[in-house]
Amino acid sequence: MTKTALITGSTSGIGYTIARAFASKGYNVMFHGLETNGSEIARKVAEEYNVKTDFSNANLMHPEEIEKLIKTTFKKFETIDILINNAGIQYVSPLEEFPLEKWNAIIAINLTAAFITSKTVWVGMKKNNFGRIINISSVHGLRASEFKSAYVSAKHGIIGLTKVLGLEGAGSNITCNAICPGYVKTPLVEGQIKDQSKAHGLTEEEVVQKVMLKKQAVKEFIPEEKISELALFLAAENSSAITGSSFTLDGGWTAQ
Ligand code: NAD
């Protein structure tokens, strides 16, 4: 039976590239995100790769919408074999000015949503004796940078969740792994370049060279395609021994 992948935040950036990669390998894909052209994106990818797709704009801030997203996906595809918790937001500010509502939103979208999606797909994956959960963490799940208190906390948190689900899924052929990319040039990062420029008092070009890529040994943004290749590898049937792990794709950042 054709496998189905649900990828949160897949109407933009990294999630979109991952979704296309899965469709190109014959997976049915549930697109998700807040972009208003989501249905059109899903339709075009279905046509291009001759797979089934659908789209949901569930707001991950609201647990009941997340549960509805999972139910809608089950209803359409009858199964969720691959869950990729990718949606995420960022906010950059010194601690003393960091708004509580931004902290709460980042924890809700970048961490709590992954707990709820995983919990809701779990029974179905157990029943199928197959499941692959891939969490898009970040190099900031392993290292800190100043002015990112909420993001770094959420991304470290999701690595903890990944380890626990790796343990709980053992015996049911459910694996859970995290991918930790360095900087990838997506709309999220375009926004950060602007925010960091204000926080550090630098021009946008200086932010890219002196702040963002400073910690990467390879002074280039990480290509999105590399992340989707790793996600496809982790989703494969024969990747069952790999679980509870975090994979860096960070141009040598954490080697230092
Ligand atoms: P992006 O801004 O291009 O995409 C984010 C997606 O999440 C969008 O589809 C957006 O609609 C969705 N989203 C945001 N808030 C939502 C909400 N409340 N409800 C539902 N959907 C919501 O970002 P990206 O750079 O592609 O990031 C994807 C993931 O990769 C994030 O978890 C991010 O933290 C992580 N990441 C990104 C980088 C990078 O450099 N871009 C590096 C490491 C990790």
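Our subject in this report is the structure included herewith. Because the structure is a prediction, the values reported are computed rather than measured.

Check the secondary structure of the protein and you find eight helices and seven strands. A compact globule built from 256 residues should have a C-alpha radius of gyration of about 18 Å, and the protein, at 18 Å, falls within 12% of that. Along the first, second and third principal axes, the C-alpha set of the protein runs to 55 × 40 × 35 Å. Every one of the 256 residues in the protein was classed for burial, and the buried ones make up 51%. When contacts within the protein are restricted to residue pairs at least 6 apart in sequence, long-range pairs at least 24 apart make up 71% of them. Distance from the positive charge centre (27 side chains) to the negative charge centre (26 side chains) of the protein: 4 Å.

Attention now moves to unusual backbone geometry. Even without being a glycine, Asn 50 presents a positive backbone phi close to 55 degrees. Judged by its relative accessible area of 72%, Asn 50 is exposed. In this model, Glu 78 sits at a positive phi of 70 degrees, which is unusual for a non-glycine residue. Tracing the sequence through the fold places Glu 78 in the loop between helix H3 (63-77) and strand E4 (82-85).

Attention now moves to the site of the ligand. Neighbouring the ligand are 31 residues; Ser 12, Asn 86, Tyr 151, Val 184 and Thr 186 lie closest to it. One of the backbone N or O atoms of Gly 9 is found 3.5 Å from an oxygen atom in the ligand. Between the ligand and Val 184 there is a distance of 2.6 Å, counted from an oxygen atom to a backbone nitrogen or oxygen. When the free accessible area of the ligand is taken as 830 Å², the share hidden by the protein chains comes to 94%. Those elements giving two or more residues to the shell around the ligand turn out to be helix H1 (13-24), helix H5 (149-169) and helix H6 (187-200). For the shell around the ligand, the element with the highest residue contribution is H6, accounting for three residues.

Under the definition given, this model contains three aromatic pairs. Its guanidinium or amino end placed over the ring of Phe 130, Lys 3 lies 4.6 Å from that ring's centre, counting from NZ or CZ.

In total, this model carries seven salt bridges according to the counting rule given. Across the pair Arg 20 and Glu 48 runs a salt bridge whose closest N-O atoms are separated by 2.7 Å. One end of the pair, Arg 20, is in helix H1; the other, Glu 48, is in helix H2 (residues 38-49), with 28 residues separating them in the sequence. Among the residues examined, Arg 20 registers a relative accessible area of 22% and is labelled partly exposed. By relative accessible area, which is 45% here, Glu 48 ends up partly exposed. Its salt-bridge partner being Lys 44, residue Glu 40 comes within 3.3 Å of it at the nearest N-O pair. Of this pair, Glu 40 and Lys 44 both sit in helix H2, four residues apart, which is roughly one turn of that helix.

What follows is about the pairing of strand E2 (residues 28-32). Most of E2 sits inside the fold, with five of its five residues counted as buried. Residues Asn 28, Met 30 and His 32 line one face of E2 and the alternating positions Val 29 and Phe 31 line the opposite face, and both faces are buried. The β-α-β motif built from strand E1 (residues 4-7), the intervening H1 and the parallel element E2 has right-handed crossover chirality. For E2 and strand E3 (residues 53-56), the ladder comprises four bridges, and the chain directions are parallel. Its bridge partner being in E3, Phe 31 is matched across the sheet by Phe 55. Of the crossover connections in this fold, the one passing from E2 over H2 to the parallel E3 is right-handed.

With 12 residues, H1 ought to run about 16 Å at 1.5 Å a step, and its terminal C-alpha atoms sit 17 Å apart, in line with that. Of all the 12 residues making up H1, nine are buried; the element is thus mostly covered by neighbouring parts of the structure. All of the buried residues along H1 are Gly 13, Ile 14, Gly 15, Thr 17, Ile 18, Ala 19, Ala 21, Phe 22 and Ala 23. A positive backbone phi angle near 95 degrees is found at Gly 26, which sits one or two residues after H1.

Along the polypeptide, Asn 110 turns up in helix H4 (residues 100-128). Polar side-chain contacts of Asn 110 include one of 2.9 Å to the backbone nitrogen of Ile 89. For Asn 110, the residues in contact, after removing those within four places along its chain, are Ala 87, Gly 88, Ile 89, Tyr 151, Ala 154, Lys 155 and Ile 158.

Rules and cut-offs
- Residues numbered from 1 in each chain as written.
- Predicted model: local features only at pLDDT ≥ 70, side-chain atom pairs only at ≥ 80, totals over all residues.
- Heavy atoms only, no water.
- Helix = DSSP H or I, 4+ residues; strand = E, 2+ residues; numbered from the N terminus.
- Rg over C-alpha atoms; globule rule 2.2 N^0.38 Å.
- Buried < 20%, exposed > 50% of the residue type's maximum accessible area, 1.4 Å probe, protein only.
- Contact = heavy atoms within 4.5 Å.
- Lys, Arg positive; Asp, Glu negative; His and termini not counted.
- Charge placed at Lys NZ, Arg CZ, Asp CG, Glu CD.
- Near = heavy atom within 4 Å.
- Polar contact = N/O pair within 3.5 Å; in protein donor to acceptor, adjacent residues only side chain to side chain.
- Areas by Shrake-Rupley, 256 points an atom, 1.4 Å probe, with all protein chains shown as cover.
- Phe/Tyr/Trp six-rings, centres within 6.5 Å; stacked < 30°, edge-to-face > 60°.
- Lys NZ or Arg CZ within 6 Å of the ring centre and 35° of its normal.
- Salt bridge = Lys/Arg side-chain N within 4 Å of Asp/Glu carboxyl O.
- Right-handed = clockwise from strand over helix to strand, strands pointing away.
- Pairing = 2+ DSSP bridges.
- Expected span 1.5 Å × (residues − 1).

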